[in-house]
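Summary of the model geometry
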Amino acid sequence: MRNPTLISIPLIPALLVAGLCQAAPQRVVSINLCSDQLLLLLGDPARIASVSHLARDPNASWVAEQARHFPVNRASLEEIIGLKPDLILTGAYTNALLRRALKALGYRVESIPLAKRIADIRRNIRRVAALLDRKARGEQLITHLDERLAQLREHRFARHPRALFYQPNGYTAGRDTLQDEALKLAGWENLPATLGIQGYAPIDMESLLLAKPEQFFTSPYAPGTQSLAQRRLRHPALRAATGGKPMRVMPYRYWLCGGPMIVEAIEQLQRAHP
Amino acid sequence: MSRPARLLALLLGVLFVLSLFVGSNPIPVFQALLDRLRDAPSAIGIVLAEVRLPRTLIAIVAGAALGVCGAALQGFLHNPLASPGLIGTSSGAAFGAVVALYFGFAGGYGIPLAGMLGALLATLLVYLIAGRDTGMLTLILAGVAINALLTALISLLLSLAPSPYAVQEIVVWMLRSISNHGFDDFWLMLPGALLGGLLLFRCRRALDALTLGEDTATTLGIDLRRTRALLFAGVALAMGSVVSITGAIGFVGLITPHLLRPLAAHRPGRLLALSALGGAGLLLAADIGVRLLQRFGGVEIKVGIVTALLGAPFFLWLILHHRRSPA
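Sequence positions are assigned chain by chain, starting from 1 and proceeding in written order. Note on labels: chains are lettered from A, ligands numbered from 1, in written order. Restriction of local features to residues with pLDDT of at least 70 applies here, the model being predicted, together with a cutoff of 80 or more for giving and counting side-chain atom pairs; totals for whole chains, interfaces and linings are based on all residues.

**Remarks on the overall build of chain A**
The secondary structure content of chain A amounts to 14 helices and 11 strands. In this description the radius of gyration comes from C-alpha coordinates, and the expected globular size is given by 2.2 Å times residues to the power 0.38. Relative to a compact globule of 274 residues, whose C-alpha radius of gyration would be 19 Å, chain A shows 20 Å and is just as compact. A principal-axis box enclosing the C-alpha atoms of chain A has dimensions of 60 × 45 × 30 Å. In chain A, 60% of the contacts between residues at least 6 apart in sequence involve partners at least 24 apart. Working definition: helices are DSSP H or I runs of at least four residues, strands are E runs of at least two. Numbering for both runs from the N terminus. Once C-beta atoms are placed from the backbone, any two residues with those atoms within 7 Å are in contact.

Here it is, written out as structure tokens:
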């Protein structure tokens, strides 16, 4: 067990702010899919003023059903002001101009960093829980997550076949990504990481084929739509590389954002093991 | 085969072999070929046969189609600036393909078919607006207008398309690369390109006769209306197929016929075959350049940028040349 005082040190500024505001925020608005999901998982429904429209997309959001009960926003400045928020949750990649404008207008804006590994998920849950004054709920979620992870870790795999997360336009997840962590926890070797790819980046077709991938995983972002980028996933060479084995589809909602749903992704990845 | 044609074919052969050796990684090409011939599955075999070979063949077919279409249009319209890129054919084809692909009206061969229809309509529209033998300026202006309209429409459609990737692909349709295409795309492109090329070759005699003027050509037994129909159908078939797979690659259709015209003794009929070989060589060389740049420079640029960088100065030279000798 880690030292509880050490864990609470980063929380001190948040506690100070919460103390200054006297009470938990009453009208919380989230404008990013990842903060939306943490808010919906942790927040008191009566205090959630709005989540982004993406939160309702069942393909990208794990809590799409819950999101239907709340007004949605499209992250425009006017819209956010109209919602009269006392706390605004954003993502790491939320438009910096918008964030600056909101801060200049005196709103409390909290940016939730990208989760690159399981530890980041725990950290983000604790952070949002503290902001919402729902720490007990946060710890409950983390305990549940850790229990499921411990169960999944019991599976041992004799071999770690080379796999990768492969997306339209040849994008893949290298080191320091949630997909890298999930693949490794599920007993695969993350091929792009071994090629030195860092983060979410395109991989060149020839280099990919020469690294002899054994299994592709892909997460359709907008199923049923067509583009050249998406057509590239059907390149005959990719299928030939895995000996005709088709790509496996991983629902994006499990690992697009960091959250307790990562265990679902890991479970599916384990089941895909040869 | 004439001597220039043999030389060009030889050059193309050399480029073909060279092309199989150039990629983002060095691979033992002969070993890969052996693996492939022995039917032994190997990663290098896949790279050679499923990545480099289709890319090379697509460059050859697309370049040849662009060259032939440019030569045929320049010959028929008596206009040195006529080319698929300038008279709206390419953007018409891209427009058709974009409608079919992104809005799910068609898949497979439906995409090149839509490209053919778009190419035909755009070319006819420019032709109807400008007319034949009305001078260089009218045709180019009509082409500029239709191109601008279609380019705007393509951007509009891609902005409205349901796919989240569509907006980024606006640039792809304007300056296309031929990387990341497999044999599936090659087979989609080939039938229209071949058929279009055949139709254009049937215009050879008519194009030669037309250099003597329409009246003389008619007395020589050339059916002008039939020639026109064949020519437009050929250009639409070839460009529709090629552009719907590779996007609008500029300038190959414009400059290839000019470079080779002296070798064809200024006979437009003879120029067709030379332009096919020359266009194929030019586009393949440009794509090899792109791959070398990727391998040694670490940057991936679109082949359309290379052809435009080569073509635009040539275009300027052409204008200056015509200012000096307004013939």
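**Quick notes on helix α9 (residues 178–185) of chain A**
All names here are of chain A. Using C-beta atoms placed from the backbone, we call a residue buried if 20 or more other C-beta atoms fall within 10 Å of its own, exposed if 12 or fewer do, and partly exposed for counts in between. Buried residues dominate α9, accounting for 7 of its 8 residues. Looking at α9, one finds that the buried residues are L178, Q179, D180, E181, A182, L183 and L185. Just past α9, the residue G187 takes up positive phi, approximately 85°.

**Some words on the domain arrangement of chain A**
Residues and elements named next belong to chain A. Domain delimitation follows an automatic or database domain assignment. Considered domain by domain, chain A is made up of domain 1 (4–150) and domain 2 (162–271). Between the C-alpha centres of domain 1 and domain 2 the distance comes to 28 Å. Taken together, the elements giving at least two residues each to the side of domain 1 that touches domain 2 come down to α3 (33–42), α7 (118–131) and α8 (135–153). Amino acids are sorted into nonpolar (Ala, Val, Leu, Ile, Met, Phe, Trp, Tyr, Cys and Pro), charged (Asp, Glu, Lys and Arg) and polar (every other residue, Gly among them). Partitioning the side of domain 1 that touches domain 2 into residue classes produces 12 nonpolar, 5 polar and 4 charged.

**Considerations on the interface of chain A and chain B**
Facing 24 residues of chain A, the contacting portion of chain B comprises 24 residues. Within the residue set of the side of chain A that touches chain B, elements represented by two or more residues are α11 (205–210), α12 (228–231) and α13 (236–241) of chain A. Per-element tally for the side of chain A that touches chain B: the top contributor is α11 of chain A, with 5 residues. Within the side of chain A that touches chain B, the residues separate by chemical class into 12 nonpolar, 8 polar and 4 charged.

**Side note on the packing of α8 of chain A against helix α14 (residues 262–271) of chain A**
When two helices pack together, their arrangement is captured by the angle between the axes and the distance separating the axes. All names here are of chain A. Lines are fitted to the C-alpha atoms to define the axes, a helix being fitted only along its stretch in contact, and any angle between axes, read from their N-to-C directions, falls within 0 to 180 degrees. At a minimum axis distance of 10 Å, the contact between α8 and α14 shows a crossing angle of 10°. On the basis of their axis angle, the class for α8 and α14 is roughly parallel. Between α8 and α14, the residues in contact are L145, R148, L149 and L152 and V263, I266, E267 and Q270, respectively. Per-class residue counts for the contact of α8 with α14 are 5 nonpolar, 1 polar and 2 charged. Just so you know how the angles are binned, under 35 degrees is roughly parallel, over 145 roughly antiparallel, 65 to 115 roughly perpendicular, and the rest oblique.

**Side note on the packing of α7 of chain A against α8 of chain A**
Residue and element names in this part refer to chain A. Remark: α7 packs on α8, axes separated minimally by 8 Å, with the N-to-C direction vectors making an angle of 160°. The angle between α7 and α8 falls in the class roughly antiparallel. With respect to the hand of their crossing, α7 and α8 are arranged in right-handed fashion. The residues of α8 that touch α7, namely those facing I118, R122, I125, R126, A129 and A130, are K135, R137, G138, L141, I142 and L149. By definition, turning the near helix anticlockwise from the far helix through less than a right angle yields a left-handed crossing, and turning it clockwise yields a right-handed one.

**Concerning the nonpolar core**
A set of buried residues qualifies as a nonpolar core if it consists of Ala, Val, Leu, Ile, Met, Phe, Trp, Tyr and Cys joined through C-beta atoms within 7 Å. Counting residues in hydrophobic clusters, the biggest one holds 103 residues, and the most contacted among them are A65 and A72 of chain B. Broken down by element, this core gets its largest block of residues, 16 residues, from helix α3 (residues 43–77) of chain B. The contacts of A65 of chain B, once residues within four sequence positions are left out, are A193, G196, G197, A238, M239 and V242 of chain B. Listed in part, the 82 residues of the second largest apolar core include F70, I112, F216 and Y252 of chain A.

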